[in-house]
Amino acid sequence: MKPEFDLVLAGGGLANGLIALRLAQLRPDVRVAIVESGPAIGGDHTWSSFGLDINEEQRRWTHPLFAHRWDCYSVRFPRHARTLAVGYGTTNSERLAAEVARSLPPDCILTEMPVVAITPTSVTLANQRVLTASGVIDGRGQKKTDSLDLRWQKFLGQEVELAADHDLDGPIIMDATVPQHDGYRFVYTLPYGPRHVLIEDTYFSDGRDLAPDLLRKHIADYAVQQGWDIVRVIREEAGILPLAIGGDIAKFLDEGTPGVARVGLAAGLFHPVTGYSFPDSVRMADMVAALPDFSSATIHRACRDHAIRVWNSRGMYRILNRMLFLAAQDEERRTILERFYEHPDDLVGRLYAANNRLTDWRRVFSGRPPIPPLRALGTLLRYELGFK
Ligand SMILES: Cc1cc2nc3c(=O)[nH]c(=O)nc-3n(C[C@H](O)[C@H](O)[C@H](O)COP(=O)(O)OP(=O)(O)OC[C@H]3O[C@@H](n4cnc5c(N)ncnc54)[C@H](O)[C@@H]3O)c2cc1C
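For clarity, every value in this text was computed on a predicted model and none was experimentally measured.

**Some thoughts on the sheet that holds strand E4 (residues 66-70)**
Working step 1: The antiparallel open sheet is built from three strands, whose spatial order is E3-E7-E4. Two strands bound the open sheet, and with one partner strand each, they are strand E3 (46-50) and E4. On average, adjacent strands in this sheet sit at an angle of 20° to one another, irrespective of strand direction.
Working step 2: Of the strand pairs in this sheet, E3 and strand E7 (residues 88-92) are connected by five bridges, and their pairing is antiparallel. The partner of Ser49 across the bridge, within E7, is Gly89.
Working step 3: Across the face of the sheet, helix H3 (residues 93-103) comes into contact with E3, E4 and E7 while running at roughly 60° to E7.

Below is the structure:
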């Protein structure tokens, strides 16, 4: 019997939302359904990315998702502050949901509908309906795992309205002049309008614990320091994003349902140093939309190979994380970032795009060491030998 759909996307988050959009653009003949347990496709997030993270064509097709774009961004550290001529942009769940709604027939978008079981060719919903398909993709987000060695970027952000203009020219991606604790701490600010900003209190931490009230207080204190009078909190978001220091990607992928393709965080597709996954999800969507067919075997093989290839290409970023999370002590984490931001704009841009060259790494690992070299080498060696 012919399956009901060509492709069923389990989980209506960022990765599957982008796959649905790209397929609608390039392969409108493919019958796609997307199933989300929450009330809306994409949840309620902002997803930012840097100008160099995706290519021209990817910028074009994701353009409707971008709510804000800036030509430059700034960083602030105790010893220096600078503005980098690298673009930055923000997309959000509302736009993703609107674009998916424009791209798929209404009866192919199922929300408030948990998936309870999947096989390579079927998805069982909580109401016992079974969707049959040639292929199934699991994009149900972050999975608990022991196969990846993770640390965390955690934050709480508030979008606020101010009593007067803030006078910011662009985002402040890291204001690390704030007191340090629980790892590397910085405040991230996006100016959405003259009196409308997103302020996030952020930590690169060893643990996942988040104390929302403390972070809210930090945001209020930071606003006062900047001379900003908060009139109203418009919305709030919190995240605990994985950062990778090591792991076994094949083992991680094998933890999924046998024969079912995984995408997004479920496939370990995130930047090891920033936890960002928007660019990886854009590339994955391009890759899926270019497949010659959507049988479960083709999709599973292609997605698995892609995830392994991407993971294997990012070893240097995980080494950088070992320096940051294992070798650096106390405030040295901030010093590592401060020194890193002395490099030219294009090298920094390539780090965020996970696209550095050998010459970049030579520059990053030479020069004035932010931590004692013997300690750094000892840490790396111990990790390689399995002493974590
Ligand atoms: C607050 C926040 C801010 C972030 N900011 C950025 C950023 O600025 N830039 C960036 O690149 N990354 C950012 N990230 C990280 C990353 O991009 C996101 O986590 C991204 O949403 C991951 O995409 P995904 O598709 O893998 O998972 P998700 O977007 O989490 O999608 C998974 C979806 O599956 C659904 N689901 C789970 N179980 C089931 C089930 N049984 N049945 C049906 N549906 C199910 C979930 O409800 C969810 O909607 C942020 C993350 C958070 C939480």
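**Notes on the nonpolar core**
Working step 1: Counting 66 residues, the largest nonpolar core has Leu18, Leu96, Ile137 and Val288 as the members making the most contacts within it.
Working step 2: In this structure Val288 touches Ile19, Ile137, Phe294 and Cys303, once residues within four positions along its chain are discounted.
Working step 3: Formed by 44 residues, the second largest nonpolar core is a distinct cluster that contains Trp70, Phe186, Ala328 and Tyr341.

**Looking at the packing of aromatic side chains**
Working step 1: Here the structure, examined in full by the defined rule, presents 18 aromatic pairs.
Working step 2: Both rings, one in Tyr88 and one in Tyr188, keep their centres 6.4 Å apart while their planes meet at 70°; by these two values the pair is edge-to-face. Residue Tyr88 is located in strand E7, and its partner Tyr188 is located in strand E14 (residues 184-193); the two are separated by 100 residues in the primary sequence. Of the two residues, Tyr88 and Tyr188, both sit in the buried class.
Working step 3: Taking the centre distance of 5.7 Å and the plane angle of 70° together, the rings of Phe186 and Phe204 count as edge-to-face. Taken together, the residues Phe186 in strand E14 and Phe204 in strand E15 (residues 196-205) connect sequence positions 18 residues apart.
Working step 4: Directly above the aromatic system of Trp152 lies the positively charged group of Arg208, at a separation of 4.6 Å from the ring centroid.
Working step 5: Of note, Arg262 hangs over the ring of Phe252, and the distance from its end group to the ring centre comes to 4.7 Å.

Criteria and cut-off values
- Residues numbered from 1 in each chain as written.
- Predicted model: local features only at pLDDT ≥ 70, side-chain atom pairs only at ≥ 80, totals over all residues.
- Heavy atoms only, no water.
- Pairing = 2+ DSSP bridges.
- Helix = DSSP H or I, 4+ residues; strand = E, 2+ residues; numbered from the N terminus.
- Axes fitted to C-alpha atoms, helices over the stretch in contact; angles between N-to-C directions.
- Contact = heavy atoms within 4.5 Å.
- Core = buried A, V, L, I, M, F, W, Y, C linked by side-chain atoms within 4.5 Å.
- Buried < 20%, exposed > 50% of the residue type's maximum accessible area, 1.4 Å probe, protein only.
- Phe/Tyr/Trp six-rings, centres within 6.5 Å; stacked < 30°, edge-to-face > 60°.
- Lys NZ or Arg CZ within 6 Å of the ring centre and 35° of its normal.

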